[in-house]
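What follows is the residue order along each chain.
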Amino acid sequence: MDIALLILGFLLMLVGILGSFLPVLPGPPISWVGLLLLYLTKAVPDNWWIVGITFVLAITITILDYIIPAMGTKRFGGTKGGMWGTMIGLLVAIFVPIFGPFGIIIWPFIGALVGELLNKANKKTALKAAFGSFLGFLTGTFMKFVLTVAYAVFYVYIAIKYAGELFTFS
C-alpha cells in the first residue's frame, strides 16, 4: 500500500506542477494532497506540523492567485474583460501552440488586450490594462510554480530519506 501511495503522491506532484500553469487545475492544493499521501504511508513518520504548514501555504497561494491578477488589472485601469481574456489566452496557448513555448506568455497578453478592446476601451487604455492583467497573471503563475516545485523537491527528499522503509517487501 505504501508504494501505491508513493506513486499516486508523485503523480499528484506532477499534476500540481502542471496545474500551476493550467487555470482549470488548482496546482498547489493538488501538490499538497500528494505530499499528504506521502505522510500517510507507514514508512514516513507523521509530522502534522509540516502537513499543516504546507496546507496553509497551498491555500494562501491559491487565494492570492485569484486576487493578484484582479489587483494588477484594476491598478492598470482594466476590467473583467481583460481578466477573462487572459484566461482564454492561456487556454489558447495550451491547445494552439502557434508561438511554441513563448505562447504561454504571448497568448494571455493578446487575450487580455482583446478582452479590453471588446469591453470598449480605447487602444491605449486596453494596452495598459492588458499589461496589468498579464503581469498579475504571471505573478500568480510564478508563485504557484515555485510552491509546487518546492513541494515536489521536498517530496523527493522525504521519499529518498525513507526509501529503505518504503521499499521493504516483507
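So, how was this worked out
- Residues numbered from 1 in each chain as written.
- Predicted model: local features only at pLDDT ≥ 70, side-chain atom pairs only at ≥ 80, totals over all residues.
- Heavy atoms only, no water.
- 1 Å grid on protein atoms, 1.4 Å probe; cavity = no way out; pocket = protein on both sides within 12 Å on 5 of 7 lines; lining within 4 Å.
- Points joined across faces, edges and corners; volume = space filled by probe spheres on them.
- Helix = DSSP H or I, 4+ residues; strand = E, 2+ residues; numbered from the N terminus.
- Nonpolar A, V, L, I, M, F, W, Y, C, P; charged D, E, K, R; others polar.
- Expected span 1.5 Å × (residues − 1).
- Polar contact = N/O pair within 3.5 Å; in protein donor to acceptor, adjacent residues only side chain to side chain.
- Phe/Tyr/Trp six-rings, centres within 6.5 Å; stacked < 30°, edge-to-face > 60°.
- Buried < 20%, exposed > 50% of the residue type's maximum accessible area, 1.4 Å probe, protein only.
- Arc of directions from axis to C-beta.
- Contact = heavy atoms within 4.5 Å.

Draft legend 1. Looking closely at the layout of surface pockets. By volume, the largest pocket is sized at about 400 Å³. In this structure, the largest pocket is lined by 19 residues; those nearest its centre are Pro23, Asp65, Tyr66, Pro69 and Met87. Elements with a minimum of two residues in the lining of the largest pocket: α2 (27-39), α3 (48-75), α4 (80-95) and α6 (123-161). The residue makeup of the lining of the largest pocket, split by class, is 11 nonpolar, 6 polar and 2 charged.

Draft legend 2. Spotlight on α6. Here α6 spans 56 Å end to end across 39 residues, near enough to the 57 Å set by a 1.5 Å rise per residue. Regarding α6, its N-cap is Asn122, as a side-chain oxygen of that residue lies 3.2 Å from the backbone nitrogen of Lys124 further along.

Draft legend 3. Expanded view of the packing of aromatic side chains. Tallied over the full model, the rule gives 4 aromatic pairs. Ring plane angle 40 degrees and centroid distance 6.3 Å describe the contact between Phe10 and Tyr155, whose orientation is recorded as tilted. Residue Phe10 is located in helix α1 (residues 2-19), and its partner Tyr155 is located in helix α6; the two are separated by 145 residues in the primary sequence. Overall, the relative accessible area of 2% leaves Tyr155 in the buried class.

Draft legend 4. α1, seen in detail. A rise of 1.5 Å per residue sets the reference length of α1, with its 18 residues, at 26 Å; its end C-alpha atoms lie 25 Å apart and thus fit the reference within 8%. Within the sequence span of α1, burial applies to Asp2, Leu5, Leu6, Gly9, Met13, Gly16 and Gly19. Buried residues of α1, viewed axially, fall in a sector of 140 degrees; they line one side. Close packing links the buried residues of α1 with α2, α6 and α7 (163-166).

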